[in-house]
Amino acid sequence: MLSRIITQANIDHVEKWFEKAEKIVIVSHVSPDGDAIGSSLGLWHFLQSQDKNATVVVPNSFPAFLQWMPGAEDIIIYNKYKEFADKLIQEADLICCLDFNVLSRIDEMEEVVKNATARKLMVDHHLYPGDFCGITISHPEISSTSELVFRLICCLGNFEDITKEGAECIYTGMMTDTGGFTYNSNNREIYLIIGELLSKGIDKDEIYRRVFNTHSEGRLRLMGYVLYDKMQVFSQFNSALITLTRSEQRRFQYAKGDTEGFVNIPLSIKNVCFSVFLREDTEKNMIKVSLRSVGTFPCNQVAAEFFNGGGHLNASGGEFYGTMEEAVKVFKQALEKYKDLLLAKK
Ligand code: 5GP
Ligand code: MN
């Protein structure tokens, strides 16, 4: 049995909203990851099974290794179909906000969602949920929003209606937000849920291959280059840094998602408990910052304090507006400031 973590009041409330809703839009965060797409499609498949009219809209495109997911071809990419998406959002009577806690995380969609007259429901697992939804289901102790979607559907009494396709999406989000169940994954209930998803007929090994083992040759060579030439280890701070410029990305025919996971690799070095990856963005004039930590080191604090960002204790991100040299300087300032915490045991 799963513990009932979503309050009964929230479940009753969502049930009423789903019953009444005729035009539902599901939105998730910019640069959608496996959990953003997995939770959105997981909920979408469920709403389809209830004969509801629902559409998933995300701010921008997502990587090829997520495009196999059932229903992915029906997702509306906001910055490609803005007018159509604006209309959907304005006419919706329910907007489900999945895997983000503040409206700034949906980028260009922020204004239209903020001004929409629809009821708004948040299902998310980031700390400090903003106050923009009539129902806020926020559980930072749960490792993925996809898991929350599974729990919500079960609490609504609809486990039977989860299809194999929906289960595949939910599993993908649970898997990607835990690095294939290698971090944030000690809650035994995760494995009870996986058992239930397997009962729907999913092939978890195949899902792993599709997500993690279908990369381009360019990505692997880029990884080799980055680890050999670009990774700097700051042993005196138990930390590592990787930087990547636009011209380097061009050299390796960079495609969206190609650097996914790079930030985790330095954590496999003994004693390294904090890793930062700085990448010049190819779409926007900024440096995308990814931060990861092992143990109790709060990389979300560093993200918030130095890089206009936030996220989870062990996985966070942000944006830096300035040159790469300046970003590296700021990173080094962060190391100095957090030296004591960094030197606490891994
Ligand atoms: P990633 O490094 O995979 O892009 O992001 C890891 C986590 O950091 C995300 O799941 C999200 O919680 C958080 N995150 C990433 N980018 C940002 C950002 O720009 N702002 C905030 N507040 N959080 C971010
Ligand atoms: Mn997530």
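What counts, and where the lines are drawn
- Every chain is numbered independently, its residues counted from 1 as its sequence is written.
- For naming, the first written chain is A and the first written ligand is 1, with later ones following in the order written.
- Owing to the predicted nature of the model, reporting of local features is limited to residues with pLDDT of at least 70; listing and counting of side-chain atom pairs is limited to 80 or more, with chain, interface and lining totals taken over all residues.
- The side-chain values count all of the structure's non-hydrogen atoms but skip hydrogen atoms and water molecules.
- Segments assigned H or I by DSSP are reported as helices when at least four residues long, segments assigned E as strands when at least two residues long, and all are numbered from the N terminus.
- Just to be clear on terms, a salt bridge is a Lys or Arg side-chain nitrogen sitting within 4 Å of an Asp or Glu carboxyl oxygen.
- Categorising residues by exposure relies on relative accessible area from a 1.4 Å probe, with only protein chains included: less than 20% of the type maximum marks a residue as buried, more than 50% marks it as exposed, and the intermediate range marks it as partly exposed.
- Where each domain begins and ends follows an automated or database-derived domain assignment.
- By definition, residues are in contact when any of their heavy atoms lie within 4.5 Å.
- Two parts placed together each lose some accessible area; with a 1.4 Å probe, that loss summed over both constitutes the buried area.
- Three categories are distinguished: nonpolar for Ala, Val, Leu, Ile, Met, Phe, Trp, Tyr, Cys and Pro, charged for Asp, Glu, Lys and Arg, and polar for the others, with Gly belonging to the last.
- Only heavy atoms are used to decide nearness, and a residue is near a molecule or strand if one of them lies within 4 Å of it.
- As used in this structure description, the phrase polar contact means that two N or O atoms lie within 3.5 Å; if the pair is within protein, one of them must be able to donate a hydrogen and the other to accept it, and residues adjacent in sequence are counted only when both atoms belong to side chains.
- All accessible areas in this document rest on Shrake-Rupley with a 1.4 Å probe, and a residue is counted as covered only by the protein chains that are shown.
- Throughout, nonpolar core names a set of buried Ala, Val, Leu, Ile, Met, Phe, Trp, Tyr and Cys residues whose side chains join them through atoms within 4.5 Å.
- Think of each axis as a best-fit line through the C-alpha atoms, taken over the contacting stretch in the case of a helix, with angles from 0 to 180 degrees between the N-to-C directions.
- Any angle that falls under 35 degrees is termed roughly parallel, while one over 145 is termed roughly antiparallel, one within 65 to 115 roughly perpendicular, and all others oblique.
- Crossings are assigned a handedness: left-handed for a near helix turned anticlockwise from the far helix by less than a right angle, right-handed for a clockwise turn.
- Between any two strands, pairing holds if DSSP finds at least two bridges.
- Side-chain rings of Phe, Tyr and Trp (the six-membered ring for Trp) are treated as a pair once their centres are within 6.5 Å; stacked means planes under 30 degrees apart, edge-to-face means over 60, and tilted covers the remaining angles.
- Consider the ring centre and the ring normal. A charge sits over the ring if Lys NZ or Arg CZ is within 6 Å of that centre and within 35 degrees of that normal.

A positive phi angle, near 65 degrees, is found at Asp-99, a position not held by glycine. In this structure, Asp-99 sits in the loop between strand S4 (94-98) and helix H4 (110-115). Even without a glycine there, the phi angle at Gln-253 is positive, about 45 degrees. Along the chain, Gln-253 turns up in the loop between helix H10 (246-251) and strand S9 (274-280).

Take the pattern of salt bridges next. Taken as a whole and assessed by the stated rule, the structure comprises 16 salt bridges. Across the pair Glu-283 and Lys-256 runs a salt bridge, and its minimum N-O distance is 3.1 Å. Taken together, the positions of Glu-283 in the loop between S9 and strand S10 (287-293) and Lys-256 in the loop between H10 and S9 put the pair 27 residues apart, joining distant regions of the chain. Given a relative accessible area of 28%, Lys-256 falls into the partly exposed group. Where salt bridges share partners, they join Asp-107, Lys-284 and Glu-319 into one cluster.

Now for the domain arrangement of the protein. The assigned domain composition of the protein is domain 1 (8-212) and domain 2 (217-343). One C-alpha centre belongs to domain 1, the other to domain 2, and the line joining them spans 27 Å. Listed per partner, the contact involves 10 residues of domain 1 and 10 residues of domain 2. Taking both partners together, domain 1 and domain 2 bury about 850 Å²; carbon and sulfur atoms supply 48% of that area. Here domain 1 and domain 2 share 1 salt bridge between them. Put simply, Asp-107 and Lys-284 hold a salt bridge, and the shortest N to O gap is 3.3 Å. Of the residues contributing to the side of domain 1 that touches domain 2, the split by class is 4 nonpolar, 5 polar and 1 charged.

This paragraph deals with the site of ligand 1. Near ligand 1 lie 14 residues; those nearest to it are His-126, Lys-288, Ser-290, Arg-292 and Gly-317. Within the side chain of Lys-288, one N or O atom sits 2.9 Å away from a nitrogen atom of ligand 1. At 3.2 Å from a nitrogen atom of ligand 1 is found a main-chain nitrogen or oxygen belonging to Gly-310. Compared with its free state, where it exposes 500 Å², ligand 1 has 81% of that area covered by protein. Among the secondary structure elements, those contributing two or more residues to the shell around ligand 1 are S10, strand S11 (310-311) and strand S12 (315-320).

Residues Phe-18, Ile-26, Leu-41, Leu-43, Cys-96, Leu-121 and Leu-197 are the most contacted members of the largest nonpolar core, which totals 54 residues. With sequence-adjacent residues up to four places away left out, Leu-121 is seen in contact with Val-14, Trp-17, Phe-18, Leu-94, Ile-95, Cys-96, Cys-97, Cys-133, Ile-135 and Ile-137. Ranked by size, the runner-up nonpolar core spans 26 residues in total, among them Phe-237, Phe-274, Ile-287 and Phe-307.

As a further point, take the packing of helix H6 (residues 164-176) against helix H8 (residues 204-212). Relative to each other, H6 and H8 sit at 60 degrees, their axes nearing to 10 Å. Judged by the inter-axis angle, H6 sits oblique to H8. Seen along the crossing, H6 lies across H8 with a hand that is right-handed. Contacts between H6 and H8 pair Glu-168, Tyr-171, Thr-172, Met-175 and Thr-176 from the former with Lys-204, Ile-207, Tyr-208, Val-211 and Phe-212 from the latter. Among the residues making up the contact of H6 with H8, the classes are represented as 6 nonpolar, 2 polar and 2 charged.

To continue, consider the sheet that holds strand S2 (residues 54-58). Taking strand neighbours across the sheet as the criterion, the 6 strands line up as S3-S2-S1-S4-S5-S6 in an open arrangement whose pairing is parallel. One side of each edge strand has no neighbouring strand; the edge strands of this open sheet are strand S3 (76-77) and strand S6 (135-138). Sheet topology note: the strand S1 (residues 24-28)/S2 ladder contains 4 bridges and is parallel. By the bridge assignment, Ile-24 is partnered in S2 with Ala-54.

Before going further, it helps to spend a moment on the sheet that holds S10. Spatial strand order, S7-S8-S9-S10-S12-S11: 6 strands in an open sheet with mixed pairing. Each edge of the open sheet carries a strand with a single partner, namely strand S7 (232-234) and S11. The pairing of strand S8 (residues 239-244) with S9 spans 6 bridges and is parallel. Residue pairing for S9: Ser-239 is matched across the bridge by Phe-274. Sitting on the sheet, helix H9 (residues 217-230) is in contact with S7 and S8, with an inclination near 125 degrees to S8.

Here we take up the packing of aromatic side chains. Tallied over the entire structure, the rule returns 13 aromatic pairs. An angle of 85 degrees between the planes, with centres 5.8 Å apart, marks the rings of Phe-297 and Tyr-338 as edge-to-face. Linking Phe-297 in the loop between S10 and helix H11 (299-306) with Tyr-338 in the loop between helix H12 (324-337) and helix H13 (339-343), this pair joins segments that are 41 residues apart in sequence. Residue Tyr-338 is classed as buried on the basis of its relative accessible area of 7%. The structure contains a cluster of three or more aromatic residues connected by ring pairs, namely Phe-234, Phe-274, Phe-297, Phe-331 and Tyr-338. Over the face of the ring belonging to Phe-159 we find Lys-200, whose NZ or CZ atom lies 4.1 Å from the ring centre.

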